[in-house]
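Chain by chain, the residues run as shown.
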Amino acid sequence: HINYTLLHGVRHGDEDYLHKDFSPDRLISCVSRRNASSGAFSGRVTGFLRTNPDFIRDFDLIYACGNSDMIYELFSFARTKGFSREQLKAEIYF
């Protein structure tokens with residue numbers, strides 16, 4: 001059993017296609033251009049982490065996919081929380 005939480009960042013709530021595929025206790029949607037009916041968090045993934053700075057403390061590994069600027073910001077934040085370089089994995093795809 002893998003202990004994980006997926007932070008899924010999208011611009012608009014209707015892009016949150018993953019919400020039906022994951023248990024609500026395993027998925028946190030971050031909607032940067034929020035409308036009234038979508039997303040668990042109004043803002044970017046990195047904004048969620050700044051708002052909830054202790055969120056990642058119980059995890060052993062961070063795997064980030066997406067925009068390189070977001071990944072650099074996320075990894076910089078994680079390093080301030082004690083994550084080593086070996087605990088940070090990335091796939092930059094745009």
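Residues numbered from 1 in each chain as written. Predicted model: local features only at pLDDT ≥ 70, side-chain atom pairs only at ≥ 80, totals over all residues. Heavy atoms only, no water.

1. Details of the pattern of salt bridges
- All told, the structure shown has 3 salt bridges when counted by the stated rule.
- A salt bridge links Arg50 to Glu73; its shortest N-O distance comes to 2.4 Å. Pair noted here: Arg50 is in helix H1 (residues 45-51) and Glu73 is in helix H2 (residues 68-80), with a separation of 23 residues, a long-range link.
- Judged by relative accessible area, which is 31%, Glu73 ranks as partly exposed.
- It is possible to trace a salt-bridge network through shared partners that takes in Asp54, Arg57 and Asp58. (Salt bridge = Lys/Arg side-chain N within 4 Å of Asp/Glu carboxyl O. Helix = DSSP H or I, 4+ residues; strand = E, 2+ residues; numbered from the N terminus. Buried < 20%, exposed > 50% of the residue type's maximum accessible area, 1.4 Å probe, protein only.)

2. What about the environment of Arg44?
- If you trace the backbone, Arg44 turns up in the loop between strand S3 (41-42) and H1.
- Excluding residues that lie within four positions of it along the chain, Arg44 makes contacts with Cys30, Ser32, Met70 and Glu73. (Contact = heavy atoms within 4.5 Å.)

3. Some points on the packing of aromatic side chains
- Overall, the coordinates contain 4 aromatic pairs when judged by the stated rule.
- Seen in terms of ring centroids, Phe41 and Phe48 are 5.4 Å apart; in terms of plane orientation they differ by 85 degrees. Their pairing is edge-to-face.
- An aromatic cluster is defined as three or more aromatic residues linked by ring pairs; in this entry it consists of Phe41, Phe48, Phe55 and Phe59.
- The ring centre of Tyr4 lies 4.8 Å from the NZ or CZ of Arg26, which sits over that ring. (Phe/Tyr/Trp six-rings, centres within 6.5 Å; stacked < 30°, edge-to-face > 60°. Lys NZ or Arg CZ within 6 Å of the ring centre and 35° of its normal.)

4. Considering the sheet that holds S3
- Ordered by their spatial adjacency, 3 strands build an open sheet running S1-S2-S3, and the pairing between neighbours is parallel. Strand pairing shows two members of the sheet lacking a second neighbour, strand S1 (6-10) and S3, which therefore form its edges.
- One ladder, built from 2 bridges, connects strand S2 (residues 27-31) with S3; its direction is parallel. Of the residues in S3, the one forming a bridge with Val31 is Ser42. (Pairing = 2+ DSSP bridges.)

5. A few points about H2
- For H2, spanning 13 residues, the distance from its first C-alpha to its last is 19 Å, which sits close to the expected 18 Å at 1.5 Å a residue.
- Along its buried surface, H2 packs onto H1, strand S4 (62-66) and strand S5 (88-92).
- Two or three places before Asp69, at the opening of H2, Asn67 has a side-chain oxygen 2.7 Å from that residue's backbone nitrogen.
- Just beyond H2, the residue with positive phi is Gly82, at close to 95 degrees. (Expected span 1.5 Å × (residues − 1). Polar contact = N/O pair within 3.5 Å; in protein donor to acceptor, adjacent residues only side chain to side chain.)

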